[in-house]
Amino acid sequence: MRTVSPEAIAIVKATAPVIEKQGLAITTAMYARLFENAEIAKMFDQAAQQSGEQPRRLAAAILAYARNIDKLENLGAAVERMVHRHVETGVKSEHYPYVADALLPAIRDVVGADVATDAVLAAWGEAYWMLADILIAAEARAYAQAA
Ligand code: HEM
């Protein structure tokens, strides 16, 4: 599993307040980018119908969880829920780069390159991929069990 350097943890925590304050705008920008890919958009259309909820909490969750990147051991139940939903909707490891490539530019779109410097985006990228690795591993186990 990829880990997050202490430097990146410090950057994520320092920038989390401003980034989370813009959470809704970032979320909206992220989905606009993500749904340019019709295959990915289809996964969410179905999911929204099934759950009757906006899938927007995905992006909000990434932002919130990244902030707690140094206490991920507390996330057990939340991870189970995400894994369950992801397995239901067919999320696979190959989908994770699409979300990273939508989220990180969306952060820069909204907060600007002055705040979202290369170092800041790299730190958020590290946080994203650590979370992603936890989910990917748990989802692989769930798919193997179901098979
Ligand atoms: C680190 C990366 C990710 C995190 C933290 C994350 C988090 C979440 C969360 C919190 C939910 C809501 C679960 C619930 O029902 O309570 C969710 C649902 C979902 N996620 Fe993810 N996710 C990630 C990556 C992905 C990827 C790569 C995809 C596929 C492109 C994806 C597709 C979905 C879909 C389709 C749903 C269901 C949406 C709905 O219920 O309307 N997620 N995710």
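See the structure above.
Note that the coordinates shown come from a computational prediction; the quantities given were computed from them, not determined experimentally.

Cut-off values and rules
Residues numbered from 1 in each chain as written. Predicted model: local features only at pLDDT ≥ 70, side-chain atom pairs only at ≥ 80, totals over all residues. Heavy atoms only, no water. Near = heavy atom within 4 Å. Polar contact = N/O pair within 3.5 Å; in protein donor to acceptor, adjacent residues only side chain to side chain. Helix = DSSP H or I, 4+ residues; strand = E, 2+ residues; numbered from the N terminus. Salt bridge = Lys/Arg side-chain N within 4 Å of Asp/Glu carboxyl O. Buried < 20%, exposed > 50% of the residue type's maximum accessible area, 1.4 Å probe, protein only.

**Student:** Before we move on, can you summarise the site of the ligand with the specific residues and values?
**Tutor:** Around the ligand lies a shell of 25 residues, among which Phe44, Leu58, Arg81, Arg85 and His86 are the nearest. In the model, a nitrogen atom of the ligand is placed 2.9 Å from a nitrogen or oxygen of the His86 side chain. Taken together, the elements giving at least two residues each to the shell around the ligand come down to helix H3 (38-51), helix H4 (57-67), helix H5 (76-88), helix H6 (96-111) and helix H7 (118-146). Top contributing element to the shell around the ligand by residue count: H3, with 6 residues.

**Student:** Could you give an account of the pattern of salt bridges, naming the residues involved and the relevant values?
**Tutor:** Applying the stated criterion across every chain yields a total of 6 salt bridges. A salt bridge links Lys13 to Asp70; its shortest N-O distance comes to 3.6 Å. In this pair, Lys13 is assigned in helix H1 (residues 6-21) and Asp70 in the loop between H4 and H5, connecting sequence segments 57 residues apart. Overall, the relative accessible area of 34% leaves Lys13 in the partly exposed class. For Asp118, the salt bridge goes to Arg108, with nearest N and O atoms at 2.8 Å. With Asp118 in helix H7 and Arg108 in helix H6, the pair connects residues that are 10 residues apart, well separated along the chain. The class for Arg108 is partly exposed, based on a relative accessible area of 28%.

None of this, on its own, says anything about what the molecule does.
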